[in-house]
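# Coordinates in review
Listed below are the residues making up each chain.
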Amino acid sequence: MGRVQGKVAFITGAARGQGRSHALRLAEEGADIIAVDLCKDVETIGYKMATPEDLEETAELVKKTGRGILTAQADVREAGELKQALEQGLAEFGKVDIVVAQAGIAGMKGQPPLRAWSDVVDTNLVGTINAVQAALPHLPEGGSIIATGSTAALMVIGTIDDPGKDPGGHAYMYAKQALSQYIHE
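Let me sum up the structure you'll find in this document. Here the structure is a predicted model, which means the values were calculated and not measured.

This next bit is on the nonpolar core. In this structure, F10, I34, V36, L82, L86, V96 and A135 are the most contacted members of the largest nonpolar core, which totals 21 residues. Taken together, the elements giving at least two residues each to this core come down to β1 (8-12), β2 (32-37), β3 (69-73), α3 (79-93), β4 (98-101) and α4 (113-135). Sequence-distant contacts of I34, that is, excluding residues within four places in its chain, are made with V8, A9, F10, I11, L70, A85, L86, G89, L90 and F93.

What follows is the structure, given as structure tokens:
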């Protein structure tokens, strides 16, 4: 019997990378999974995001553990989309015990720069808050909330001689710093 046997985990950014890793590990430990990912590119970000096929691959890997999984394509920047995805998971599994707010993007050299800043903050900070707020009314006493941070929260944003250099990159540090304050409240 695993450490989270019979629990249900709501995971954002679950199509690949750390989100997929969390989904698989929690499934191996006995949890059913509500796996959420955007599954499309963010226009301002200079690298490819996860795809619907990536999310399906996560689902297949979780199924191989013998656990259940519900997948949903949703944008963490949109609270309503996350609530809808969670409601589908609640209809499927009847509860949620664990939140893993993992979705995140890095906006280094994103274009246009100020839009990249907004997309990073809206994904990494607001998206985490949206995931937590969607699940909070449904979490039992003793439920778990995991929000992915970064040592970037410890970095100094910008310098006096380049305050506007790479806003998308600075947004990552800003979002992680703000997230560390949100979680401590």
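A few words on the pattern of salt bridges. Inspection of every chain in the model, using the stated rule, returns eleven salt bridges. Of the charged contacts in the structure, one is a salt bridge between R25 and E28, with a shortest N-O distance of 3.7 Å. Linking R25 with E28, this pair stays in helix α1 (residues 17-28), spanning three residues, or about one helical turn. Residue R77 pairs with D75 through a salt bridge whose shortest N-O separation is 2.8 Å. Its relative accessible area of 22% is what places R77 among the partly exposed residues. The structure contains a network of salt bridges with shared partners spanning R3, R25, E28 and E29.

Residue pairs spaced three or four apart in an α-helix point in one direction, given the helix's 3.6 residues per turn. End to end, α3 covers 21 Å across 15 residues, agreeing with the expected 21 Å (1.5 Å per residue, within 8%). Listed in full, the buried residues belonging to α3 are L82, A85, L86, G89, L90 and F93. Seen end-on, α3 carries its buried residues on one side only, within an arc spanning 140°. In this structure, α3 carries E87 and A91 as exposed residues pointing more than 90 degrees from its buried face. The inward-facing, buried residues of α3 contact β1, β2, β3 and α4. G94 lies just past α3 and shows a positive phi near 85°.

Parameters and conventions
Residues numbered from 1 in each chain as written. Predicted model: local features only at pLDDT ≥ 70, side-chain atom pairs only at ≥ 80, totals over all residues. Heavy atoms only, no water. Core = buried A, V, L, I, M, F, W, Y, C linked by side-chain atoms within 4.5 Å. Buried < 20%, exposed > 50% of the residue type's maximum accessible area, 1.4 Å probe, protein only. Helix = DSSP H or I, 4+ residues; strand = E, 2+ residues; numbered from the N terminus. Contact = heavy atoms within 4.5 Å. Salt bridge = Lys/Arg side-chain N within 4 Å of Asp/Glu carboxyl O. Expected span 1.5 Å × (residues − 1). Arc of directions from axis to C-beta.

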